[in-house]
Amino acid sequence: MHLWKRALLLAAPAAAVAVAMAVASSSGHADDVPTEAQFPKGEHFLLPPPSPIFADPNRSIENEHVAYGIVGDEVLEQPINYSHRLHAGRLQIECEYCHFNARKSRHAGVPPTSTCMGCHQYVPTDGRSEQAQADLALLKDYHEKGEPVPWVKVHDLPDFVYFTHKRHVRAGLACQECHGEVQDDMTVAYRVSELTMGWCLNCHKEHPSIDENYGAQAELRRAEIKDCWTCHQ
Ligand code: HEC
Ligand code: HEC
Ligand code: HEC
Ligand code: HEC
Ligand code: HEC
């Protein structure tokens, strides 16, 4: 068997183990996992950015990008042409194998190069398209330099909103409820949900997991997650 196929076979059980470990360590303050350093949030402005004449030279296109609110199906350019359809779809790698912080912290995060290289040190590059070879060479390069791939953030709520993956994932919500059929439809990720306050509130009003998880306390929990303070603390 090719080594990369074995690495791939290992990926699914490894993800299950990672999940089990995350659940086992759930009692601590695991929300403190410092994922922001690895994939920093952009700056956000309630008002449109000032005209270029007054613009701060430290502001860049990346952090000017408003990654919340209503969107079209804009696909942002990424440093490497990574494909969800290939990895999460055809190769059936679980979302949490790469986004392994989703269950234990605020941020799902993006995988470090070591997660990619766990397989890619074995996946042969010859015979691939020129583009793929260039992408894989770039990946290896970042890995050897010990630098993260500078992925551009696609989802990014303003700083005055509190959102946490941990609570949603542990309540049993599927990634797809908020991010769409990533494994079927996307190469690099794009936004399918509105990321507006109305979007959050609509789901909080009616999501069936609340009845399942809270039973007689469901009304109380629904009132709690409707409260301004829950999301603006
Ligand atoms: C669990 C194993 C695994 C992990 C983890 C993994 N890959 Fe892959 N990747 C593969 C395999 C296997 C292929 C080749 C699939 C084929 O040729 O059918 C591939 C192919 C690719 C290709 C080439 C696609 C093409 O058109 O030939 C790129 C680029 C790529 N991966 C990038 C990444 C990046 C970036 C990461 C980390 C975010 C990553 N991969 C993580 C297994 C993995
Ligand atoms: C209840 C809706 C919801 C669910 C369920 C959800 N996400 Fe998210 N996701 C969001 C929102 C909202 C953001 C933007 C967060 C921010 O800017 O602070 C986001 C951001 C992200 C990001 C960008 C990096 C980060 O963490 O901010 C990744 C990656 C991601 N989600 C992956 C996942 C994966 C994988 C799952 C399933 C394990 C998942 N999400 C489940 C709503 C959701
Ligand atoms: C092999 C690793 C890998 C797997 C498996 C994977 N992703 Fe990703 N994901 C990435 C990488 C790398 C990025 C950054 C590039 C991009 O934006 O597409 C990313 C980005 C994302 C983003 C956008 C993050 C942002 O910037 O806001 C979302 C949402 C997301 N993934 C959801 C999912 C979901 C849902 C699944 C499972 C169906 C999944 N991913 C499986 C590697 C992976
Ligand atoms: C697809 C449904 C869905 C969407 C969309 C959604 N949520 Fe939630 N959210 C839930 C559910 C269900 C819970 C209750 C989880 C529990 O208590 O088990 C929850 C709970 C929360 C909590 C409470 C966390 C805690 O620690 O008590 C916060 C904060 C939150 N959501 C913020 C947001 C924000 C902000 C958005 C929009 C950006 C959002 N949610 C979008 C379903 C959703
Ligand atoms: C479930 C989460 C959630 C709850 C509960 C919530 N908000 Fe928000 N709020 C958001 C999100 C997400 C945004 C940013 C996206 C947007 O502007 O729609 C936002 C934006 C805002 C803004 C800025 C509007 C703008 O145009 O930029 C104000 C003001 C606000 N909320 C006030 C409130 C008040 C007052 C309450 C209580 C009645 C409340 N919010 C409850 C999630 C929530």
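Just so we're clear, the structure is a prediction, and the values are computed from it rather than from any experiment.

Remarks on the overall build of the protein chain
Part 1 of the argument: Counting secondary structure elements, the protein chain contains 14 helices and zero strands.
Part 2 of the argument: Expressed as a percentage of contacts within the protein chain between residues at least 6 apart in sequence, the contacts between residues at least 24 apart total 75%.

Things to note about the nonpolar core
Part 1 of the argument: Of all hydrophobic cores here, the largest spans six residues; its members are Ala88, Ile93, Cys95, Cys98, Phe100 and Cys175.
Part 2 of the argument: If sequence neighbours within four positions are ignored, cysteine 98 has contacts with Ile93, Pro111 and Thr115.

A short note on the packing of helix 6 (residues 113–120) against helix 7 (residues 130–145)
Part 1 of the argument: At a closest axis distance of 10 Å, the pairing of helix 6 and helix 7 adopts a crossing angle of 125°. Classified by the interaxial angle, the pair formed by helix 6 and helix 7 is oblique. Of the two possible hands of crossing, helix 6 and helix 7 adopt the one that is left-handed. Counting all contacts with helix 6, which are made through Thr113, Cys116, Met117 and His120, the residues of helix 7 involved are Leu136, Leu139, Tyr142 and His143.
Part 2 of the argument: Tallied by class, residues from the contact of helix 6 with helix 7 come to five nonpolar, three polar and no charged.

A short note on the site of ligand 4
Part 1 of the argument: Near ligand 4 there are 24 residues, and of these Phe163, Arg167, Ala171, Cys200 and Cys203 occur at the shortest range.
Part 2 of the argument: A per-element tally of the shell around ligand 4 places helix 11 (residues 197–206) first, with four residues.
Part 3 of the argument: For the shell around ligand 4, the per-class residue count stands at 14 nonpolar, seven polar and three charged.

Details of the environment of tyrosine 142
Part 1 of the argument: Counting through the fold element by element, tyrosine 142 comes out in helix 7.
Part 2 of the argument: Judged by the 18 C-beta atoms lying within 10 Å of it, tyrosine 142 falls in the partly exposed class.
Part 3 of the argument: Excluding residues within four positions of it along the chain, tyrosine 142 makes contact with Thr113, Glu147, Pro148 and Val149.

Let's talk about the confidence of the model for the protein chain
Part 1 of the argument: Overall, the prediction assigns the protein chain a mean pLDDT of 80, with 69% of residues at 70 or greater.
Part 2 of the argument: Mean pLDDT per element in the protein chain: helix 1 (residues 3–24) is the minimum at 43, and helix 4 (residues 84–90) is the maximum at 98.
Part 3 of the argument: The low-confidence segment residues 12–34 (pLDDT under 50) makes 21 contacts with residues lying over four places distant or belonging to another chain.
Part 4 of the argument: Counting contacts from residues 44–54, a segment whose pLDDT is below 50, to residues more than four positions away or on other chains yields seven contacts.

Notes on the environment of arginine 191
Part 1 of the argument: Structurally, arginine 191 is set in the loop between helix 10 (182–185) and helix 11.
Part 2 of the argument: Separated by 117 residues in sequence, arginine 191 and glutamate 74 have C-alpha atoms that sit 7.7 Å apart.

Some remarks on unusual backbone geometry
Part 1 of the argument: A positive phi angle, near 55°, is found at glutamine 92, a position not held by glycine.
Part 2 of the argument: Summarising the element assignment, glutamine 92 is placed in the loop between helix 4 and helix 5 (95–98).
Part 3 of the argument: The phi torsion at leucine 195 lies on the positive side, around 55°, for a residue other than glycine.
Part 4 of the argument: For leucine 195, the location among the structural elements is in the loop between helix 10 and helix 11.
Part 5 of the argument: Judged by the 21 C-beta atoms lying within 10 Å of it, leucine 195 is buried.

Rules of the game
- In every chain, residue numbers begin from 1 and rise along the written sequence.
- To read the labels, note that chains go from A and ligands from 1, taken in the order they are written.
- Local features in this predicted model are restricted to residues whose pLDDT is 70 or higher, and side-chain atom pairs enter the listing and the counts only when it is 80 or higher, whereas totals over whole chains, interfaces and linings include all residues.
- Helix numbers and strand numbers start at the N terminus; a helix is a DSSP run of H or I with at least 4 residues, a strand a run of E with at least 2.
- A pair of residues counts as a contact when their C-beta atoms, built from backbone coordinates, are separated by no more than 7 Å.
- Each nonpolar core reported here comprises buried Ala, Val, Leu, Ile, Met, Phe, Trp, Tyr and Cys residues connected via C-beta atoms within 7 Å.
- Remark: C-beta atoms are placed from the backbone, and a residue is labelled buried if 20 or more other C-beta atoms sit within 10 Å of its own, exposed if 12 or fewer do, or partly exposed between those counts.
- Only C-alpha atoms enter the line fits that serve as axes; for helices the fit covers just the stretch in contact. Angles between N-to-C directions range over 0 to 180 degrees.
- Roughly parallel means an angle under 35 degrees; roughly antiparallel, over 145; roughly perpendicular, 65 to 115; everything else is oblique.
- In this scheme, a crossing is called left-handed if the near helix is turned counterclockwise away from the far one by less than a right angle; it is called right-handed if the turn is clockwise.
- All amino acids are sorted into three groups, where Ala, Val, Leu, Ile, Met, Phe, Trp, Tyr, Cys and Pro are nonpolar, Asp, Glu, Lys and Arg are charged, and the leftover types, Gly among them, are polar.
- Near, as applied to residues and a molecule or strand, means the residue's backbone-placed C-beta atom lies within 6 Å of it.
- Confidence scores per residue from the predictor, reported as pLDDT, run from 0 to 100.

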